[in-house]
Amino acid sequence: MTETHSDALVFFGATGDLAYKKIFPALQAMVKRGALAVPVIGVAKAGWNLDQLKDRAKDSLEKHGGLDAAAWERLSSLLRYVDGDYADPATFAAVRKELGGAQHPAHYLAIPPSLFEKVVDQLMHSGSAKGARMIVEKPFGHDLASAQELNQILLRAFPERSIFRIDHYLAKDPVQSMVSFRFANSFLEPLWNRDHIDSVQITMAESFGVQGRGAFYDQTGAMRDVIQNHLFQLMCNLAMESPARRDSESIRDEKVKVLKAISPIGPGNLVRGQFRGYQDEPGVAKGSRTETFAALRLEIASWRWAGVPFYIRAGKNLPETCTEVMTRFKRPPMTKFSEGEMPQNYIRFRISPDSTIAMGVSVAVAGDDARRHPTELVASSEPYPEDMEPYERVLTDALIGDSSIFARQDYVEEAWRIVDPVLRDGTPVHPYEVHSWGPPEAMKLAPPGGWVDPLLGACIPAGA
Ligand code: BG6
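### Things to note about the overall build of the chain
- If you tally the helices and strands in the chain, you get 12 helices and 18 strands.
- Computed over its C-alpha atoms, the radius of gyration of the chain comes to 24 Å, within 12% of the 23 Å expected for a compact globule of 464 residues.
- Out of the 464 residues belonging to the chain, those deemed buried represent 53%.
- Taking all contacts inside the chain whose residues are at least 6 apart in sequence as the whole, residues at least 24 apart take part in 75%.
- Each charge class in the chain was averaged separately, 52 positive and 59 negative side chains, and the resulting centres sit 1 Å apart.

Quick look at the structure:
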């Protein structure tokens, strides 16, 4: 089915932080690439006028990626601004007026979820929801019940195919490359299952703290901030079956099937941590029990994966910044070539700071076939930055109506179902030192062969 291109972009939260850091740079890049030529209407309650919004946009471009004079001129001519309260129908009458003859606007909610209902209702009542698309930012809810409630609010005004739930991780090239690599190489398929794979570990390490987002982060924590969304998406890319077709629904169907095969995580399969000093961060409550680190183990109970443990770990203020998926194969049987313990073969997908796909193999030392050294075959390795920044890709795809890289209702709800019980359970939160690999308790949950330090490619010794 050919989708209609949106004929206007309305973005709520135009004076906010996300607009400043990500959205204006993405809009300029889209103009430059020829992907944006429709009016862009910023909406916020700041007491501003259009010139002030343009000044802010210009400043944002200068600070984040650089101003391109020609592209900025074009973007500036597309910008409109509506100032007003989201509870006031006059704000939405003004939006409708700015939309002019646009029949298929895309509304982008770059605002807190607590405001969604107000805005959606007003869009509906002002006649701006009909024929429109809805783009929503994460976090999409804070548990299963709130995600279901948000979905009901959106579905009152927009059909599911017109709702685009952002997970910017899906717009990253290396995240998409995982899927192409799996399905474009026939040698992999016979090995990609419980008979050959020993374990999978997914690490998202960040060497920085909450970066001034204490108030937001303290309501969120690592499980909700990155595991339930970004890292589950990596897991699905690694584990899903080949989609029957290339359309967005076929791809998203396969991802949902992976989540459906996962039981809710029990407290024994989760370790939570908090870096020392977190509670002194502005916006963080004294005595906070929010986790800045989480490590968990789960299993996908499918014919392909049953019995293969998946380990997922994410944290702030760890020793390095790196996201990587490591798939370890079972060891070869003992033969004359395998005296002592053989290293495990592996395939690793590095998502950031660079984009790499590599295979770990063992090769005989010249002249001594009983001794081997581990070697990596690098299939691809690209430095960042990528061709298209995630936000440019997200907005470009939403405007053309391609849902492939957006989370569907059933996916989001399944992902919450898996983490919901442990979010409510109040498992202990263990302190850890800044720039360590999380609390020592996380070692108890380590994969066979240990957690990998992505930058060293080696296992992290206990107590590091
Ligand atoms: C965001 C989280 O969704 O993803 C942040 O809120 C996290 O806490 C960020 O740092 C990581 O994404 P990226 O693209 O910056 O690696």
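### Quick notes on the packing of helix H1 (residues 17-33) against helix H3 (residues 69-78)
- Viewed as axis vectors pointing N to C, H1 and H3 meet at an angle of 110°, and their least axial separation amounts to 9 Å. Classified by the angle their axes make, H1 and H3 are roughly perpendicular. Note on element contacts: H3 touches H1 through Ala71, Trp72, Arg74, Leu75 and Leu78, opposite Phe24, Leu27, Gln28, Val31 and Lys32.
- Partitioning the contact of H1 with H3 into residue classes produces seven nonpolar, one polar and two charged.

### A few points about the sheet that holds strand S2 (residues 40-44)
- Across the sheet, seven strands lie side by side as S3-S2-S1-S4-S5-S6-S15; this open sheet has mixed pairing. Each edge of the open sheet carries a strand with a single partner, namely strand S3 (79-83) and strand S15 (406-407).
- Note that strand S5 (residues 133-136) and strand S6 (residues 163-166) share three bridges and pair parallel. Bridging across to S6, isoleucine 135 finds its partner in phenylalanine 164.
- Packing of H3 onto the sheet brings it into contact with S2 and S3, and relative to S3 it is tilted by some 40°.

### Concerning the site of the ligand
- Close to the ligand lie Lys138, His168, Tyr169, Lys172, Met204, Glu206, Arg213, Asp225, His230 and Lys316.
- In this structure, histidine 168 approaches the ligand through a side-chain N or O atom, which is 2.7 Å from an oxygen atom.
- A distance of 2.7 Å is found between an oxygen atom of the ligand and a side-chain nitrogen or oxygen belonging to lysine 316.
- Protein chains shield 76% of the accessible area of the ligand, which is 400 Å² for the free molecule.
- Residues that form the shell around the ligand fall into these classes: two nonpolar, two polar and six charged.

### Quick notes on unusual backbone geometry
- That bond from lysine 138 to proline 139 is cis: its omega, 0°, falls within 30 degrees of zero.
- Turning to its location among the elements, proline 139 is positioned in the loop between S5 and helix H6 (144-157).
- Note that the residue after serine 352, namely proline 353, is joined by a cis bond; omega there is 10°.
- Structurally, proline 353 can be placed in the loop between strand S12 (346-352) and strand S13 (354-365).
- The backbone phi angle of histidine 435 is positive, close to 65°, even though this residue is not glycine.
- Position of histidine 435 among the secondary structure elements: in the loop between strand S16 (429-432) and strand S17 (452-453).

Calculation rules
- Residues numbered from 1 in each chain as written.
- Predicted model: local features only at pLDDT ≥ 70, side-chain atom pairs only at ≥ 80, totals over all residues.
- Heavy atoms only, no water.
- Helix = DSSP H or I, 4+ residues; strand = E, 2+ residues; numbered from the N terminus.
- Rg over C-alpha atoms; globule rule 2.2 N^0.38 Å.
- Buried < 20%, exposed > 50% of the residue type's maximum accessible area, 1.4 Å probe, protein only.
- Contact = heavy atoms within 4.5 Å.
- Lys, Arg positive; Asp, Glu negative; His and termini not counted.
- Charge placed at Lys NZ, Arg CZ, Asp CG, Glu CD.
- Axes fitted to C-alpha atoms, helices over the stretch in contact; angles between N-to-C directions.
- Parallel < 35°, antiparallel > 145°, perpendicular 65-115°, else oblique.
- Nonpolar A, V, L, I, M, F, W, Y, C, P; charged D, E, K, R; others polar.
- Pairing = 2+ DSSP bridges.
- Near = heavy atom within 4 Å.
- Polar contact = N/O pair within 3.5 Å; in protein donor to acceptor, adjacent residues only side chain to side chain.
- Areas by Shrake-Rupley, 256 points an atom, 1.4 Å probe, with all protein chains shown as cover.

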